[in-house]
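The chain contents come next:
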Amino acid sequence: MVKLRDAAQAYKALNGLICVYKPPCVPLRRVQHTVITNLCRDLNALPDRLLESRVEIVGATNEPMSVRLVQNYADHRLASGPRYLHEDFRCSWAAHLGLFSSGVLLLGINDGTRLTYKINTSRLIRAYKIHGQLGKATDTYFWNGKTIERATYNHITREKIDSVVAHMQAAHQKTMYELSGVHMESETAYELASRGVIRPSNGKLPVLYGIKCVHFQPPNFTLEVQAINEYDRYLWTLVHDLGVQLKTAAHCAGVQCVRHGKFHTDLALLRKHWTLEHLLENMQQCQELLDDNQRLLRPETAMLTA
Amino acid sequence: MSGGLPKSMFRRNTWITYKCLYQYCRNMSVATSGVVKYEDPGLHPSTGHEDPGIRPSSGNKDLSSVTPHFPNAFNIAAYVNSSETLKKLIDLNVDLSKIEKKPYVAVKLLKLDFEKDMKEHIIFLLDHITDPNLLGPFITKNPLIFNESIIDLEVRVNYLVSKRFSKNQINQIVTKNPYWLNFSTMRIDRRLGFHQDHFKLTGDEVRQLTVTQPKIITYNLQHIKTNSFAIREEMGFDDKEIKALLLKKPKLWLMNQISLLHRFNLIHNELGISHKTILQYPQILECRKFRIKQRHSFLEKLGRAQYDPTKENFVPIMALAEGTDTDFCKKYAKCSVSDYNLFLKTL
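Residues numbered from 1 in each chain as written. Chains lettered and ligands numbered in written order. Predicted model: local features only at pLDDT ≥ 70, side-chain atom pairs only at ≥ 80, totals over all residues. Heavy atoms only, no water.

Caption draft 1: Quick look at the overall build of chain B. Looking only at helices and strands, chain B has 20 helices and zero strands in total. Among the 347 residues that make up chain B, the fraction classed as buried is 44%. Relative to all contacts within chain B whose residues are 6 or more apart in sequence, the contacts with residues 24 or more apart total 67%. Of the roughly 18,000 Å² of accessible surface on chain B, a fraction of 54% belongs to carbon and sulfur atoms. (Helix = DSSP H or I, 4+ residues; strand = E, 2+ residues; numbered from the N terminus. Buried < 20%, exposed > 50% of the residue type's maximum accessible area, 1.4 Å probe, protein only. Contact = heavy atoms within 4.5 Å. Areas by Shrake-Rupley, 256 points an atom, 1.4 Å probe, with all protein chains shown as cover.)

What follows is the structure, encoded as structure tokens:
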């Protein structure tokens, strides 16, 4: 833990990546705003630097003038305002999380904005827990939408949901190889597969690597999904499609990002811990994680150019 | 920019435009004679050949009163060093950086002179606030107090005396609501009347309300009406309960109506807390919604969400709003904080 002597030192240390836990129903912009506001508040509460002094040359000009050193009032906190403001911080996110999604969120502060760009372009795999509910379908595919269909779900068993989910995963993997443009039973396809997962080269195409049902207690169930380039609405439709394939109706009750690359929820800071000390500590942990895993920013796997 | 450097004076967005620089230069002792002397602001002192007195060649004249013009600035800090008034205000702990956020107020403040326009007001205010240390925050909040005449201020205080407020109560009112003294007695009288009518209060109750929350009297009356509607019609409190609620927590009437309703909805409909209990602990409506919701869902998960005092394992409703998470976990959830934090990461 860094010992904070004064605000200037703390501000200089604030360059890097932080990992926070985004609560549901709070927009990403507000998360950014709260983090920066808290940083400003804590920095302004730290001991300030010494006030600047000011040289004044006074007296009549036709006689010897006197030089005095006086306090510079313009530098006073009450005149020039708080030392640290919102505009002093740059802040960007590595991957967007929708309003209703929660979970691991990587934010870059000041020079860390470069890191978030790198993480974004290296297309790390994100793992999600998607909570769904059977028996009801909505127009937005999410719990807040209007109900458009109701259905019974007594015939759904764990085996059925597992088989449908496995089928969905296979279909996604198949399209991944098809989009790569090589024949499925060729030597090239084998070599491509042996180099690891195929990553999409641009940020447009959602690719799912694994879907698994981890919790099933009708009508509630939870899916665990590993994906790249997904977005909240895409995950909602996944639950809706699952409902259709199971011959019932389903809607999504919540989306939670549990992992982003190597950043897990245990590293993520809760809302009550978004303070200068905790954020600095978290920034250090994130930097250590990045140093230990150089491949996070430079993945060496096949790129999917579709 | 690096952290420790002073904020540049030109960072703020507020642009204080001074159409006439002479007006505020009145109180800048160094600049006064220089500016008055040269009526054309474009004329630089050293090039003013019309007046032989200030030619550079005439070395035996005192030129200390000649100064360049003040340029337009983005903030008040640019003028602080050359104005005794502003220096004194800073010594009084007045936050000029907050005042300059409202340029029309800042322009008015710059035109004032400490000895002439402020001294009497400050002496008057020191008599009427509870703690002298609060003078700075008071002026920060309401610098326009200097534009009111001292006779008016006395009349406004005397009005409160005539309404049988004690000296101590008047001080509390003035301290809690710095804008109070800017309202004329007519307006204050009308507003006190409005609240008495609207909530059917007796004289003593009006006095109690005014002292506990003087802001409600000078607040936007439409807002008060909207919140009354929300509390009466949407939340379903009856007139007697509203009166009790008002005297206990007048702040509810200053809050945003929609967020208040959301909170009430959570507490009453989801947690099942009755109107009577809410009336007993109206502070619960001041607590942020997510805090109550998080703690409630944690207790629910543990099977401890039991808010009925007649049954066993009773959790008081204020436990959801008050205290740190550590205390809450130890006393009511009977587990460690790390468990609670883990739970929060599953939401």
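Caption draft 2: Structural detail: the domain arrangement of chain A. Residue and element names in this part refer to chain A. Examined at the domain level, chain A breaks down into domain 1 (7-48 + 83-117 + 264-292) and domain 2 (125-260). Distance from the C-alpha centre of domain 1 to the C-alpha centre of domain 2: 30 Å. Summing both partners gives a buried area of about 1,000 Å² for domain 1 against domain 2, and 60% of it is carried by carbon and sulfur. Sorting the residues of domain 1 by area buried against domain 2 places Phe100, Val104 and His264 first, and these three jointly supply 41% of that buried surface. Counting across the domain 1 and domain 2 interface gives zero salt bridges. At the surface where domain 1 touches domain 2, the tally comes to five residue pairs in polar contact (both at pLDDT 80 or more). (Domains from an automatic or database assignment. Buried area = accessible area lost by both parts, 1.4 Å probe. Salt bridge = Lys/Arg side-chain N within 4 Å of Asp/Glu carboxyl O. Polar contact = N/O pair within 3.5 Å; in protein donor to acceptor, adjacent residues only side chain to side chain.)

Caption draft 3: Helix α9 (residues 150-162) of chain B, seen in detail. All names here are of chain B. With 13 residues, α9 extends 18 Å from end C-alpha to end C-alpha; this agrees with the ideal 18 Å at 1.5 Å per step. Buried residues of α9: Ile150, Leu153, Arg156, Val157, Tyr159 and Leu160, and no others. The elements touched by buried residues of α9 are α7 (114-128), α10 (167-176) and α11 (185-199). Positive phi appears at Arg164, one or two residues downstream of α9, with a value of about 65 degrees. (Expected span 1.5 Å × (residues − 1).)

Caption draft 4: Examining the interface of chain A and chain B more closely. Counting from both sides, the interface comprises 39 residues of chain A and, opposite them, 39 residues of chain B. When the two sides are added together, the surface that chain A and chain B hide from each other amounts to roughly 2,900 Å², 51% of it contributed by carbon and sulfur. One salt bridge in this structure joins Lys272 of chain A and Asp325 of chain B, with 2.7 Å as the shortest N-O distance. Across the chain A-chain B interface, the total number found is 17 residue pairs in polar contact (both at pLDDT 80 or more). Where the side of chain A that touches chain B is concerned, the elements lending two or more residues are α1 (7-13), β2 (53-58) and α3 (77-80) of chain A. When its residues are assigned to classes, the side of chain A that touches chain B shows 14 nonpolar, 12 polar and 13 charged. (Nonpolar A, V, L, I, M, F, W, Y, C, P; charged D, E, K, R; others polar.)

Caption draft 5: Region of the structure containing the UniProt feature "domain: Pseudouridine synthase II N-terminal" (unreviewed entry) in chain A. This chain's UniProt record puts "domain: Pseudouridine synthase II N-terminal" (unreviewed entry) on residues 97-227 of chain A. In residues 97-227 of chain A, the share of helix is 31% and the share of strand is 35%. The end C-alpha atoms are 14 Å apart. (UniProt positions renumbered as here; feature names shortened; annotations may be inferred.)

Caption draft 6: Structural context of a nonpolar patch on the surface. All names here are of chain A. Taken together, the side chains of Val55, Ile57, Met65, Val67 and Leu69 define a hydrophobic patch exposed on the protein surface, amounting to about 530 Å² of accessible area. When contributions to the nonpolar patch are tallied by element, the ones reaching two or more residues are β2 and β3 (66-71). Relative to the helices and strands, Val67 is located in strand β3. Classification of Val67 by relative accessible area gives exposed; the value is 60%. (Patch = residues over 30% accessible without salt bridge, like charges linked within 9 Å, V, L, I, M, F, W, Y side chains within 5 Å.)

Caption draft 7: Focus on the nonpolar core. Counting 166 residues, the largest nonpolar core has Leu43, Ile130 and Phe263 of chain A together with Leu96 and Trp253 of chain B as the members making the most contacts within it. In terms of residue count, the dominant contributor to this core is helix α2 (residues 28-45) of chain A (seven residues). Those residues within four positions of Ile130 of chain A in sequence are excluded, and the remaining contacts are Phe221, Thr222, Leu223, Val225, Leu235, Leu238, Val239, Cys252, Gly254 and Val255 of chain A. In terms of nonpolar packing, the next biggest core, distinct from the first, is built from eight residues, Ile125, Tyr177, Ile198 and Ile228 of chain A among them. (Core = buried A, V, L, I, M, F, W, Y, C linked by side-chain atoms within 4.5 Å.)

Caption draft 8: Structural view of the pattern of salt bridges. What the rule picks out here adds up to 22 salt bridges over all chains. Notably, a salt bridge pairs Asp111 of chain A with Arg90 of chain A, separated by 3.2 Å at the nearest N-O pair. With Asp111 of chain A in the loop between β5 (101-109) and α4 (112-121) and Arg90 of chain A in the loop between α3 and β4 (91-93), this pair connects stretches of sequence that are 21 residues apart. Looking at Asp111 of chain A, the relative accessible area reads 38%, which means it is partly exposed. Close ionic contact of Lys88 of chain B with Glu115 of chain B constitutes a salt bridge, the shortest N to O distance being 3.7 Å. Placement of Lys88 of chain B in helix α4 (residues 84-91) and of Glu115 of chain B in helix α7 is noted, with a sequence separation of 27 residues between them. Linked through salt bridges whose partners overlap, the residues forming this network are Asp48, Arg77 and Arg83 of chain A.

Caption draft 9: Region of the structure containing α4 of chain B. All of the buried residues along α4 of chain B are Thr85, Leu86, Lys87, Leu89 and Ile90 of chain B. Where α4 of chain B is buried, its residues touch α3 of chain A together with α3 (77-80), α5 (96-99), α6 (103-110) and α7 of chain B. Capping the start of α4 of chain B, Ser83 of chain B holds a side-chain oxygen 3.4 Å from the backbone nitrogen of Thr85 of chain B, two or three residues further along. After α4 of chain B finishes, the residue Asn93 of chain B shows a positive phi value of roughly 75 degrees.

Caption draft 10: View of the packing of α7 of chain B against α9 of chain B. Residue and element names in this part refer to chain B. In the contact formed by α7 and α9, the axes pass within 10 Å of each other and the chain directions differ by 15 degrees. Between α7 and α9, the angle falls in the class roughly parallel. Judged by the twist between their axes, the crossing of α7 over α9 is left-handed. Along its contact with α7, which presents Glu120, His121, Phe124 and His128, the element α9 presents Ile150, Leu153, Glu154 and Val157. (Axes fitted to C-alpha atoms, helices over the stretch in contact; angles between N-to-C directions. Parallel < 35°, antiparallel > 145°, perpendicular 65-115°, else oblique. Left-handed = near helix turned anticlockwise from the far one by under 90°.)

Caption draft 11: Highlighting the packing of aromatic side chains. Residue and element names in this part refer to chain A. Taken as a whole, this structure holds 12 aromatic pairs over all chains when the rule is applied. With a centroid separation of 5.7 Å and an interplanar angle of 75 degrees, the aromatic rings of Phe100 and Trp143 are classed as edge-to-face. Highlighted residues: Phe100 in the loop between β4 and β5 and Trp143 in the loop between β7 (136-138) and β8 (147-150), separated in sequence by 43 residues. The exposure class assigned to Trp143 is partly exposed, which follows from its relative accessible area of 41%. (Phe/Tyr/Trp six-rings, centres within 6.5 Å; stacked < 30°, edge-to-face > 60°.)

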